[in-house]
There are 2 protein chains.
Amino acid sequence: MEFRDQALAAREAAQVLAETPTGLKNAALHAMANALLESTDHLLASNAEDVRTAEANGTSGSLIDRLRLTEDRIAGMADGLRQLADLADPVGDVVRGWTTDNGLRIRQVRVPFGVIGIIYEARPNVTADAGGICLKSGNASLLRGSSSTIRSNVAVVEALHRGLRSVGLPENAIQLVTGPREVTDDMMTARGLVDLLIPRGGAGLINHVVQNSTVPVIETGTGNCHLYVDADADLDMAHRIMLNAKTQRPSVCNALETVLVHKDVAERFLPRALWELGEAGVTVHGDTRTAGYSAAVVPAQEADFEEEWLSLDLSVRVVDSIEVAISHIRTFTSGHSETIITDSRRASDRFVAAIDAAAVLVNASSRFVDGGEFGFGAEIGISTQKLHARGPMALPEMTSTKYVVEGNGQVRG
Amino acid sequence: MEFRDQALAAREAAQVLAETPTGLKNAALHAMANALLESTDHLLASNAEDVRTAEANGTSGSLIDRLRLTEDRIAGMADGLRQLADLADPVGDVVRGWTTDNGLRIRQVRVPFGVIGIIYEARPNVTADAGGICLKSGNASLLRGSSSTIRSNVAVVEALHRGLRSVGLPENAIQLVTGPREVTDDMMTARGLVDLLIPRGGAGLINHVVQNSTVPVIETGTGNCHLYVDADADLDMAHRIMLNAKTQRPSVCNALETVLVHKDVAERFLPRALWELGEAGVTVHGDTRTAGYSAAVVPAQEADFEEEWLSLDLSVRVVDSIEVAISHIRTFTSGHSETIITDSRRASDRFVAAIDAAAVLVNASSRFVDGGEFGFGAEIGISTQKLHARGPMALPEMTSTKYVVEGNGQVRG
């Protein structure tokens, strides 16, 4: 099917979904979960072909790991869909409501966007996740996965379609967008057909979509996250949070990438910090003052502070004041999550007010900036833009609103 | 000054504004209002030059009317700024907040976008309005007005700057962007420097910005607004609302453009409706069935139903059912404001659920879809897009949010 026809079919399905009651959407999610489990053998076989092709193409081990499905991972996809069924339906929520002086009753009500396009890389689980989140929020989805997972994605979507059919919902509510590279361009310029595009993947993908899309985009995920150890920090806490934020899962966007240390505590903080980071296998890229505390420190270039390492690497710099720390973060932030460790109210107030990011943390690990940890139950990504949604995006962020105005004959004077 | 330097200066000013207390912003708004009034003579003289140039260029009377300043209009601009001072400051509002199981205190707090670019046509009052709205919401503004109002806009911004200076706020918080046409392109691609672009003007301007901007855009204002007269309508009410929505101010986006009449009431509704519209000077472009009721009806082409007339013209069609009305609106809507007149709950429920627009009205004139009428006190425009803001946009819509996460040493397990 041509992309335009797919998008038109998605719009029709979206009109059905917009008026589908919550109970039926939940029944669909459970049916989709069942269908995935029943398809386990077929999913594994299809995925094995994708893996073989990837291996033959010399794809890296870490990429193949993302692409690989196992029985556990398929069960995880099914569980994810069932969890969505348990979450509150945002559609129909009244955000606010009031009555005007002339008796008009006005309500601002959550409604689905309509058709959401998701462009993502080689993770077949995103196909089920994103399709499920869009369905629960009343949106039709156009899923553009990587060509390297095409067989797995086709198998996943076949299972989701069986689930949709079994409850009488249109298959076109969740569609895989296949075809050559140009189809992605078609998606990005399908203004009026696609209401929202969400790229999920590396900085390159996201930047390409942002630069070329005329459809509204929500950017997700680049995180050059900083931790500032203030002069009044509890240094034990600072050590613990730094290690957690850097090493608990280094490959994700809310992992720590740069530590800034106030000069007054550098001598007490850095020797133990550098030793512990070394023990944890972290390579420290430090400025001259940091390097003075350990021979293992790699001299940092200015460009290192721009780096979202996503690996066991960490940039470290000693700063003369909180203002220098703020100024450094303002220069290098990607607007994701920025942390201060301090016991001083004055310092935390200043930091929270001055730093412009999706999340600003005081005395906690940036690894908590996540839809699950926030208690949202589901997450389509973490927005690092300011329009519409900022920070972890869950079901309510996948909706727009409309005003419903009820009167009894009012005209404007 | 080059545009890039202006934008960098705006970013610096935005950092100041983001932390400026409400009282100081309000003092600035009053000082700006005073400065405008004190500048009345200079404003009138500068504006007279713009008007002379426009007249020499053969500009139409209605455009010259928009461009012209009078003492009353200058007083209106000053009043507008004072009213902004009376409105609640959205910055710092806690949208929601909760404590997680592990004791993290999370708040979602309203923060300014940073730098907002406004691109608008020949109305010098927009310069003061938009600058004031951005200031009150903590944003620096880059105002790109029409070249035909350049002298008036320079004079307005000079006055606003005097106001800002008098309370110690940076002048660069409100800047006029001048220079050749290419500067508009610079604004549209200033990703990272400009946080949001709002085009205010005709469909051509808005479409140009949407197509070419890599900076996030909020679309405002195209309104092909429909009114559906249901089989169960109170026909007196329908006549009254139709006339009001069409004729009270035909040139604005929430004015009525198309009437759809259920066939069962056509014979009772249309004769009087067509007579009243004729008396009010409205030209009716009607389908064949409508034309049967009056010789004055101009036969409608299909394209007439796409028309946002913005004049004393109205498209009228007789439909066989509410479903045909919904389907017509779905085809032709610009997503602004759609109205049903009915006494039937079933019909209004169906219409409200099925129609996807910024506002759906039951038994009231679409002219009420307006920030002032909604009670918002100020309006930067009416968004017809689904991302971030939909419908009348007031101060809260001019903000983003950030999450503030406070802990006492929490790390992720």
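Residues numbered from 1 in each chain as written. Chains lettered and ligands numbered in written order. Predicted model: local features only at pLDDT ≥ 70, side-chain atom pairs only at ≥ 80, totals over all residues. Heavy atoms only, no water.

As recorded in an unreviewed UniProt entry, chain A goes by the name Gamma-glutamyl phosphate reductase, listed as coming from Raineyella antarctica. Of chain A, the UniProt comment under Function (unreviewed entry) reads exactly: "Catalyzes the NADPH-dependent reduction of L-glutamate 5-phosphate into L-glutamate 5-semialdehyde and phosphate. The product spontaneously undergoes cyclization to form 1-pyrroline-5-carboxylate." (UniProt positions renumbered as here; feature names shortened; annotations may be inferred.)

Engineer: Just checking my understanding: could you explain helix 11 (residues 263-279) of chain A for this structure?
Structural biologist: An α-helical segment advances 3.6 residues per turn. Residues three or four places apart therefore align on the same side. All names here are of chain A. With 17 residues, helix 11 should cover 24 Å at 1.5 Å per step; its first-to-last C-alpha distance of 24 Å lies within 8% of that length. Remark: the principal bend of helix 11, roughly 50 degrees, maps to phenylalanine 269, with a proline, proline 271, within the next four residues. Among all positions of helix 11, only Val265, Ala266, Phe269, Leu270, Ala273, Leu274, Glu276 and Leu277 are buried. If you follow the buried residues of helix 11, they end up packed against strand 7 (225-229), helix 10 (235-247), strand 8 (256-262), strand 9 (283-286), helix 12 (288-291) and strand 11 (313-319). Glycine 281 occupies a position one or two residues after helix 11 and carries a positive phi of about 85 degrees. (Helix = DSSP H or I, 4+ residues; strand = E, 2+ residues; numbered from the N terminus. Expected span 1.5 Å × (residues − 1). Bend = angle between axes of the 7 residues up to and from the residue. Buried < 20%, exposed > 50% of the residue type's maximum accessible area, 1.4 Å probe, protein only. Contact = heavy atoms within 4.5 Å.)

Engineer: When you look at the sheet that holds strand 9 (residues 283-286) of chain B in this model, what are you seeing that I'm missing?
Structural biologist: Sheet strands pair by backbone hydrogen bonding; their relative direction is either parallel or antiparallel. The mixed open sheet is built from 10 strands, whose spatial order is 1(A)-2(A)-16(A)-13(B)-12(B)-7(B)-8(B)-11(B)-9(B)-10(B). The open sheet has two edge strands, strand 1 (94-99) of chain A together with strand 10 (298-299) of chain B, and neither has a second partner. Sheet analysis places strand 7 (residues 225-229) of chain B next to strand 8 (residues 256-262) of chain B, joined by five bridges and oriented parallel. Among the inter-strand pairings, Leu227(B) is bridged to a residue of strand 8 of chain B, identified as Val259(B). Helix-sheet contacts for helix 14 (residues 345-354) of chain B involve strand 16 (399-410) of chain A together with strand 7, strand 12 (337-341) and strand 13 (359-364) of chain B, and the interaxial angle to strand 12 of chain B is about 170 degrees. (Pairing = 2+ DSSP bridges. Axes fitted to C-alpha atoms, helices over the stretch in contact; angles between N-to-C directions.)

Engineer: Would you take a moment to explain the environment of Leu69(A) for this structure?
Structural biologist: Residues and elements named next belong to chain A. Assignment of secondary structure puts leucine 69 in the loop between helix 4 (61-67) and helix 5 (71-86). A relative accessible area of 7% means that leucine 69 is categorised as buried. Distance in space between the C-alpha atoms of leucine 69 and leucine 44 is 6.4 Å, their sequence separation being 25 residues. Dropping the residues within four chain positions of it, leucine 69 is found in contact with Leu43, Leu44, Asn47, Ile74, Met77, Pro124 and Ser152.

Engineer: Would you mind going over the pairing of strand 7 of chain B with me for this structure?
Structural biologist: Regular strands place their side chains on alternate faces of the sheet. Residue and element names in this part refer to chain B. When you tally the buried positions in strand 7, you get five out of five residues, the bulk of the element. Of the two faces of strand 7, the one holding Cys225, Leu227 and Val229 and the one holding His226 and Tyr228 are both buried throughout. Note on the crossover from strand 7 through helix 10 (residues 235-247) to strand 8: the handedness is right-handed. Where strand 7 lies against strand 12, four bridges are found, and the strand directions are parallel. Paired with leucine 227 across the strands is threonine 339, a residue of strand 12. (Right-handed = clockwise from strand over helix to strand, strands pointing away.)

Engineer: Which parts of the structure should I look at to understand the domain arrangement of chain A?
Structural biologist: How big an interface is tends to be stated in terms of accessible area lost as the parts join. Residue and element names in this part refer to chain A. In terms of domain boundaries, chain A breaks down into domain 1 (3-220 + 380-405) and domain 2 (225-368). A straight line from the C-alpha centre of domain 1 to that of domain 2 covers 35 Å. At the interface, six residues of domain 1 touch seven residues of domain 2. Taken over both partners, the interface formed by domain 1 and domain 2 buries close to 520 Å², and the fraction arising from carbon and sulfur atoms is 51%. It is Ile382, Thr384 and Arg390 in domain 1 that bury the most area against domain 2; as a group they hold 75% of the surface buried on that side. For arginine 390, the salt bridge goes to aspartate 356, with nearest N and O atoms at 3.0 Å. Run the count over domain 1 and domain 2 and you get two residue pairs in polar contact (both at pLDDT 80 or more). (Domains from an automatic or database assignment. Buried area = accessible area lost by both parts, 1.4 Å probe. Salt bridge = Lys/Arg side-chain N within 4 Å of Asp/Glu carboxyl O. Polar contact = N/O pair within 3.5 Å; in protein donor to acceptor, adjacent residues only side chain to side chain.)

Engineer: It is not clear to me how the pairing of strand 3 (residues 115-120) of chain B should be interpreted in this structure. Could you clarify?
Structural biologist: Residues and elements named next belong to chain B. With six of its six residues buried, strand 3 lies for the most part within the structure. Neither face of strand 3 is left uncovered, since the one carrying Val115, Gly117 and Ile119 and the one carrying Ile116, Ile118 and Tyr120 both have all their residues buried. With five bridges joining them, strand 3 and strand 4 (residues 140-144) adopt parallel strand pairing. In the strand pairing of strand 4, isoleucine 119 is matched with arginine 144. For the crossover from strand 3 across helix 6 (residues 124-136) to strand 4, the handedness is right-handed. Of the strand pairs in this sheet, strand 3 and strand 6 (residues 196-200) are connected by five bridges, and their pairing is parallel. Bridging from a neighbouring strand, tyrosine 120 pairs with arginine 200 of strand 6.

Engineer: Can you walk me through the pattern of salt bridges in this structure?
Structural biologist: Opposite charge on two side chains allows them to pair when their charged atoms are near. Counted according to the given criterion, the structure contains 44 salt bridges over all chains. The salt bridge partner of Lys263(A) is Asp264(A), with a shortest N-O separation of 3.3 Å. Residue Lys263(A) is classed as partly exposed on the basis of its relative accessible area, which comes to 39%. The salt bridge partner of Arg289(B) is Asp320(B), with a shortest N-O separation of 3.0 Å. Of the two residues, Arg289(B) sits in helix 12 (residues 288-291) while Asp320(B) sits in the loop between strand 11 (313-319) and helix 13 (322-332), which places them 31 residues apart along the sequence. When its relative accessible area of 39% is taken as the criterion, Arg289(B) is described as partly exposed. Its relative accessible area of 39% is what places Asp320(B) among the partly exposed residues. Each of Arg11(A), Asp195(A), Asp356(B), Lys386(B) and Arg390(B) takes part in a single network of salt bridges with overlapping partners.

Engineer: Even after reading the chapter, I still don't get helix 7 (residues 150-166) of chain B, so can you show me in this structure?
Structural biologist: Spanning 17 residues, helix 7 of chain B covers 24 Å between terminal C-alpha atoms, matching the ideal 24 Å at 1.5 Å per step. A positive backbone phi angle near 85 degrees is found at Gly168(B), which sits one or two residues after helix 7 of chain B.

Engineer: Any chance you could explain the relation of the copies chain A and chain B here in plain terms?
Structural biologist: Put simply, the two copies of the chain differ by a rotation about an axis and a shift along that axis. With an axial shift of 0.0 Å and an RMSD of 0.0 Å, the rotation relating chain A to chain B amounts to 180 degrees. Interpreted geometrically, this transformation is the action of a two-fold axis. Among all residues of chain A, the minimum C-alpha distance to the rotation axis is found for His388(A), at 1.8 Å. (Least-squares fit on C-alpha atoms with pLDDT ≥ 70 in both.)

Engineer: Where do I start with the environment of Val109(A) in this structure?
Structural biologist: Residue and element names in this part refer to chain A. Secondary-structure assignment places valine 109 in strand 2 (residues 105-112). By relative accessible area, which is 11% here, valine 109 ends up buried. For valine 109 and valine 404, which are 295 residues apart along the polypeptide, the C-alpha to C-alpha distance reads 7.2 Å. Apart from the residues within four sequence positions on either side, valine 109 is in contact with Gly92, Asp93, Val94, Ser400, Thr401, Lys402 and Val404.

Engineer: Help me understand the side chain of His239(A) in this model?
Structural biologist: Along the polypeptide, His239(A) turns up in helix 10. Apart from the residues lying within four places of it in its own chain, the contact partners of His239(A) are Phe269(A), Arg272(A), Ala273(A) and Glu276(A).

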